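Examination of the molecular architecture
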Amino acid sequence: MNFKDLKVKNKITVAVIGIAILASISGIVSAFMMSGIQKQYDNALEKFGFAQGDVGMVLSSLAQLDGAVHDAVGYLNADAKKEAANKTTELVATIDKYMAEVESSLVSDASKATFADAQTAWSSYQSITKNLLESALGVTDVQSIGDEQQRLRNELLPVYERMYKNISALMELKMEQGDETRAEVNRSALVSLIIVISLIVLAMLLGLFISAKISNGIAKPLANCV
């Protein structure tokens, strides 16, 4: 049956149902897209936002660890050496913890490759540090300490620089990937807004069209009667 042939009551019912359907579709689409945007945001926050903090903690703890190793090797006092060595143990545990957190947040091949190289350097750093401390803690004369410090520069410093370079590169990758994800989330939000606005405008136009049809269907017969 044609819309214009319907009774006024039925026309109004059809109009209300049509507008309600469009409004419902608009709400469902909006909710679905907002849910997707929220998931993108949560993923970006976990993989890039929090991860940058974890990478920063690795860099900070690594710098502290290297300072503690230098102290343990360079101090003349045996108690001071031991205290610095104990601090290195705590810092190694801290770095291991945050390295695990960083590893769990890796998403790209580039970041995984960079982390793998950093992990290799970290293993070497720990091995060399352990060997240095075992020999350095037993010496307190200037000559022997000078020899241990030379070993530190020759053996440990290159590994430290390698790890620090890779972790710093990982931080830059996280920042770049985070910026890309943020731009993607913004694009999704814009598309969602355009779709919802389009559905609202369509519902309004449909309402105006149907109301005009109904009013004309009432006004014209009345005019003819007059």
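Structural notes, computed from the coordinates. (Residues numbered from 1 in each chain as written. Predicted model: local features only at pLDDT ≥ 70, side-chain atom pairs only at ≥ 80, totals over all residues. Heavy atoms only, no water.)

A surface patch of nonpolar side chains, about 650 Å² in accessible area, is lined by L190, L193, I194, I197, V201, L205 and L208. Mapped onto the fold, L193 is located in helix α4 (residues 142-225). (Patch = residues over 30% accessible without salt bridge, like charges linked within 9 Å, V, L, I, M, F, W, Y side chains within 5 Å. Areas by Shrake-Rupley, 256 points an atom, 1.4 Å probe, with all protein chains shown as cover. Salt bridge = Lys/Arg side-chain N within 4 Å of Asp/Glu carboxyl O. Helix = DSSP H or I, 4+ residues; strand = E, 2+ residues; numbered from the N terminus.)

In this structure, W122 and M163 are the most contacted members of the largest nonpolar core, which totals 31 residues. Beyond its immediate stretch of four places on either side in the chain, M163 contacts V58, L62, I95, M99, A118, A121 and W122. (Core = buried A, V, L, I, M, F, W, Y, C linked by side-chain atoms within 4.5 Å. Buried < 20%, exposed > 50% of the residue type's maximum accessible area, 1.4 Å probe, protein only. Contact = heavy atoms within 4.5 Å.)

This part covers the side chain of T114. Considering the arrangement of structural elements, one finds T114 in helix α3 (residues 109-136). Given the relative accessible area of 15%, T114 is considered buried. Every residue in contact with T114, bar those within four places of it in the chain, is listed here: N166, A169, L170 and L173.

A separate point is the packing of aromatic side chains. Scanning the model with the defined rule gives three aromatic pairs in all. Pairing W122 with Y125 gives two aromatic rings, centres 6.0 Å apart and planes at 20°, and the pair type is stacked. Linking W122 with Y125, this pair stays in helix α3, spanning three residues, or about one helical turn. Each member of the pair W122 and Y125 is classed as buried. Taking 5.8 Å as the distance between ring centres and 35° as the angle between the ring planes, the aromatic pair formed by Y160 and Y164 counts as tilted. With Y160 and Y164 both in helix α4 and four residues apart, this pair spans about one turn of that helix. On the basis of relative accessible area, Y160 is assigned to the buried category, the value being 14%. A relative accessible area of 32% places Y164 in the partly exposed class. Among the aromatic residues, ring-to-ring pairing joins W122, Y125, Y160 and Y164 into one connected group. (Phe/Tyr/Trp six-rings, centres within 6.5 Å; stacked < 30°, edge-to-face > 60°.)

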